[in-house]
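# Coordinates in review
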Amino acid sequence: MTSPFLGELLGTMVLIILGNGVVAGAMLRGSKAEGAGWIAITAGWAFAVLAGIFVATATGSPDAHINPAVTIAGAITSGNPSKLLVYVPAQMIGAFLGATVVWLHYLPHWAVTEDQGLKRACFCTDPAIRQSAANWTSEIIGTFLLILIVSALLSRTVGASGNIPTGLAPYLVGMVVWGIGLSLGGTTGYAINPARDLGPRLAHAVLPIAGKGHSDWGYALIPVAGPAIGAVLAALAILLIGV
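This section reports on the structure supplied with the text. This structure is a prediction, so every number in the text was calculated from the model and none was measured. (Residues numbered from 1 in each chain as written. Predicted model: local features only at pLDDT ≥ 70, side-chain atom pairs only at ≥ 80, totals over all residues. Heavy atoms only, no water.)

### A short note on the side chain of Ser31
- If you trace the backbone, Ser31 turns up in the loop between α1 (4–27) and α2 (38–58).
- In contact with Ser31, other than residues within four places in its own chain, are Gly25, Tyr106 and His109. (Helix = DSSP H or I, 4+ residues; strand = E, 2+ residues; numbered from the N terminus. Contact = heavy atoms within 4.5 Å.)

Written out as structure tokens, the structure reads:
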């Protein structure tokens, strides 16, 4: 029953359930976690990445990308784009399904939350200051660092020395995401993952969320294309440096 498609789908679904779940818990009215703040959100997303990687691996995807930006970078560094056709659709579907589960889980809270922006934030990102060039730059830099640092962690140079025992890599990747969120996430909400933003944004658009407002499609290109550009640049840097 396991397969790379299923692994990427389920891993990404778990990523979004736990990641957007912590945002919903901190944002929605009446939640016991309401007002938990940025530290809770960034920690929750780090743990979501950890859980998503383990689920993806266990259900058939040894790569456990759960992020089209990682898949794009891998296609460039390996010279083999074939996984894009399997992984990216699975990641998008998984992200949509994960967002749907978050909607169901917090079902009574949407109606009592008046702020449409807070409800949308439980699905997708938006910038703290809406300035196109700066927003593009933030997503590109965040994703560039994600790909570069994770590639360094998993490189033969580091791994050959015995510094990364089997099973530790997912914890380290989660810590990298946590660090990016704490250091760089305050500008755009650090999508750094096209599926993480587009799948849930589509869910926000089609689900009958009480008083939801618009899905902010005018901003949607940045958290999708920005991470893709960052991934391409990081992959080229990795090839040039030889990480």
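### Overview of the state of the cysteines
- Inspection of every chain in the model, using the stated rule, returns zero disulfides.
- This cysteine, Cys122, is not joined by any disulfide, and Cys124 carries the nearest cysteine sulfur, 9.6 Å off. (Disulfide = S-S within 2.5 Å.)

### Topic: the packing of aromatic side chains
- In the structure shown here, the tally under the stated rule is four aromatic pairs.
- Aromatic side chains Trp38 and Tyr190 sit 5.9 Å apart centroid to centroid with 70 degrees between the ring planes, which places their arrangement in the edge-to-face category. Of the two residues, Trp38 sits in helix α2 while Tyr190 sits in the loop between α9 (169–184) and α10 (194–206), which places them 152 residues apart along the sequence.
- Relative accessible area serves as the criterion here: at 35%, Trp38 is assigned to the partly exposed category.
- Take Tyr190: its relative accessible area is 8%, and that puts it in the buried class.
- Measuring from centroid to centroid gives 5.4 Å for Trp110 and Phe123, while their planes differ by 35 degrees, and the two rings are tilted. Residue Trp110 is located in helix α5 (residues 107–112), and its partner Phe123 is located in the loop between α6 (116–121) and α7 (132–153); the two are separated by 13 residues in the primary sequence.
- Judged by relative accessible area, Phe123 falls into the buried class, the value being 0%. (Phe/Tyr/Trp six-rings, centres within 6.5 Å; stacked < 30°, edge-to-face > 60°. Buried < 20%, exposed > 50% of the residue type's maximum accessible area, 1.4 Å probe, protein only.)

### Some words on the packing of α1 against α2
- Contact geometry of α1 with α2 gives a least axis separation of 8 Å together with a crossing angle of 165 degrees. Viewed along their axes, α1 and α2 adopt a mutual orientation that is roughly antiparallel. The two elements α1 and α2 cross, and the hand of that crossing is right-handed.
- Residue composition of the contact of α1 with α2, grouped by class: 17 nonpolar, six polar and no charged. (Axes fitted to C-alpha atoms, helices over the stretch in contact; angles between N-to-C directions. Parallel < 35°, antiparallel > 145°, perpendicular 65-115°, else oblique. Left-handed = near helix turned anticlockwise from the far one by under 90°. Nonpolar A, V, L, I, M, F, W, Y, C, P; charged D, E, K, R; others polar.)

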